[in-house]
Amino acid sequence: MPKIIDIKGPIITNDDKWIYDWFGIASCCPADIRSQLEDAADDSVQVVINSSGGDIFAASEIYDMLAKSKATIKVIFAASAASYIACACSSEIVPTGMLMIHNVSSYAAGDYNDMAHESEVLLKASKAVATAYRLKTGMTEDELIGLMDDETWLTADEAVEKGFIDKVAEYSNRSKEVKLAASLNGLIPDTIVKQMRNEKAQLTAKIDLLKRKEVENE
């Protein structure tokens, strides 16, 4: 049996992982994948994706690690950033699975110059993501950007037909077929993440202050 590595829940940065763990929310960061790939050594590895996406830079790091590995990928649900991780190596999708691709999004504030600049950055980011799709499918950048503009949802058969996934998984016992149990829960809002970071920093500062006072009183 191959070693199973799960990519479940939002794809996040290493620095934010503790926040999701604290709330008990399933998530995946590059460090999670790196440590498990290292532990697997020469064993066969299967990566199971059930994720609605997340941070594109964290996803790019995961994509790079898997592309260099000998892992195979099984897709239950892969949307947004998770969808191009699914393009990293040989893959299959469960019959009830789905894949979704769309443009990169972000938050911005400022005047019209700032908005124009952010729009340019987002288009370049979307083209960077489309590169993973292009390498996997052989489609042109324009074709892929068109699909991303439309926020395209693909069934298992459609994902294979367009080349995003290599094949639809088959089961010897159909009664045990994997069922789709996807969640569209998104990332924790940035405001909460920032608040948690600030509270952690304040708590750390208080602990350091108490430690210094204890040393002074000795």
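Throughout, residues of each chain are indexed from 1 in the direction in which the sequence is written. Two thresholds apply to this predicted model, a pLDDT of at least 70 for residue-level local features and 80 or more for giving and counting side-chain atom pairs, whereas whole-chain, interface and lining totals are computed over all residues. With hydrogens and water set aside, each side-chain value is computed from the structure's full complement of heavy atoms.

Novice: Any chance you could explain a nonpolar patch on the surface here in plain terms?
Specialist: A surface patch of nonpolar side chains, about 390 Å² in accessible area, is lined by W22, F23, I25 and I192. In DSSP terms, a helix is any run of H or I states spanning at least four residues, a strand is any run of E spanning at least two, and both are numbered starting from the N terminus. Among the secondary structure elements, F23 is positioned in helix 1 (residues 17-23). Put simply, a patch holds well-exposed residues, over 30% relative accessible area, that have no salt bridge, with like charges counted together within 9 Å and Val, Leu, Ile, Met, Phe, Trp or Tyr side chains within 5 Å. All accessible areas in this document rest on Shrake-Rupley with a 1.4 Å probe, and a residue is counted as covered only by the protein chains that are shown. Think of a salt bridge as a Lys or Arg side-chain nitrogen and an Asp or Glu carboxyl oxygen that are within 4 Å of each other.

Novice: Whenever I open this one, unusual backbone geometry confuses me. Can you help?
Specialist: When glycine is set aside, most residues are seen to have a negative phi, and most peptide bonds are trans. For S80, which is not glycine, the phi torsion reads 55° and is therefore positive. Structurally, the position occupied by S80 is in the loop between strand 3 (72-79) and helix 4 (81-85). With a 1.4 Å probe rolled over the protein chains alone, any residue whose accessible area is under 20% of its type maximum counts as buried; one over 50% counts as exposed, and the rest are partly exposed. Its relative accessible area of 18% is what places S80 among the buried residues.

Novice: Teacher, can you tell me more about the pattern of salt bridges here?
Specialist: In this structure the tally under the stated criterion is nine salt bridges. Note that K17 is salt-bridged to D21, the shortest N-O span being 3.7 Å. Of this pair, K17 and D21 both sit in helix 1, four residues apart, which is roughly one turn of that helix. Residue class for K17 comes out buried when judged on its relative accessible area of 15%.

Novice: Hey, could you run me through the side chain of S27 in this one?
Specialist: Mapped onto the elements of the fold, S27 is located in the loop between helix 1 and helix 2 (30-40). Beyond its immediate sequence surroundings of up to four residues, S27 is in contact with K8, G9, P10, I12, K17, Y20 and D32. Note on definitions: a residue-residue contact is assigned when non-hydrogen atoms from the two residues lie within 4.5 Å.

Novice: Looking at this model, I keep getting lost on the nonpolar core. Mind explaining?
Specialist: Remark: nonpolar core denotes a set of buried residues (Ala, Val, Leu, Ile, Met, Phe, Trp, Tyr, Cys) joined through side-chain atoms within 4.5 Å. Core analysis: the biggest nonpolar cluster contains 48 residues, and I7, L66 and F164 have the highest contact counts within it. In terms of residue count, the dominant contributor to this core is helix 3 (residues 56-68) (seven residues). Excluding residues within four positions of it along the chain, F164 makes contact with A86, C87, S91, L99, I101, Y133, K136, T137, M139, L144, L154 and A159. In terms of nonpolar packing, the next biggest core, distinct from the first, is built from seven residues, I19, Y20, I188 and M196 among them.

Novice: Sorry if this is basic, but what is going on with the packing of aromatic side chains here?
Specialist: Two measures describe an aromatic ring pair: the distance that separates the ring centres and the angle between the ring planes. Within 6.5 Å between ring centres, the rings of Phe, Tyr and Trp (the latter by its six-membered ring) count as paired, and their orientation is classed by plane angle as stacked under 30 degrees, edge-to-face over 60, tilted in between. Considering all chains together, one arrives at four aromatic pairs under this definition. The interplanar angle of 50° and the centroid separation of 6.2 Å between the aromatic rings of Y63 and Y84 together place this pair among those described as tilted. Separated by 21 residues along the polypeptide, Y63 in helix 3 and Y84 in helix 4 bring together distant segments of the chain. For Y63, a relative accessible area of 18% corresponds to the buried category. Considering the side-chain rings of Y133 and F164, the 5.5 Å spacing of their centres and the 75° angle between planes classify their relative orientation as edge-to-face. Placement of Y133 in helix 5 (residues 112-137) and of F164 in the loop between helix 7 (156-161) and strand 6 (167-168) is noted, with a sequence separation of 31 residues between them. Y133 gets classed as buried once you look at its relative accessible area, which sits at 1%. Here, over-ring charges are defined by two tests on the NZ atom of lysine or the CZ atom of arginine: distance to the ring centre within 6 Å, and angle to the ring normal within 35 degrees. If you follow K200 out to its NZ or CZ, it ends over the ring of W18, 4.7 Å from the centre.

Novice: Mind showing me how you'd approach the side chain of S51 here?
Specialist: You can see S51 is positioned in strand 2 (residues 45-51). Here G9 takes part through its backbone oxygen, which lies 2.7 Å from a polar atom of the side chain of S51. Setting aside anything within four residues of it in sequence, one finds S51 in contact with I7, G9, P10, I11, F77, A78, A79 and A82. Throughout this description, a polar contact denotes any pair of N or O atoms lying within 3.5 Å of each other; where both atoms belong to protein, one of them has to be capable of donating a hydrogen while the other can accept it, and for residues adjacent in sequence the pair is counted only when both atoms sit in side chains.

Novice: Would you mind going over the pairing of strand 2 with me for this structure?
Specialist: Within a regular beta strand, the side chains point alternately toward one face of the sheet and then the other, so they alternate between its two faces. Among the seven residues of strand 2, seven are classified as buried, and the element is accordingly described as predominantly covered. Of the two faces of strand 2, the one holding V45, V47, I49 and S51 and the one holding Q46, V48 and N50 are both buried throughout. Of the strand pairs in this sheet, strand 1 (residues 3-8) and strand 2 are connected by six bridges, and their pairing is parallel. Across the sheet, residue K8 finds its bridge partner in strand 2, namely N50. In this structure, strand 2 lies alongside strand 3, joined through six bridges in parallel fashion. Following the sheet pairing, S51 is matched in strand 3 by A78. Chirality of the crossover, the property in question, places the unit of strand 2, helix 3 and strand 3 among those that are right-handed. Two strands pair if DSSP finds at least two bridges between them. Assignment of crossover handedness uses the view with strands pointing away from the viewer, where a clockwise path from the first strand over the helix to the second indicates a right-handed crossover.

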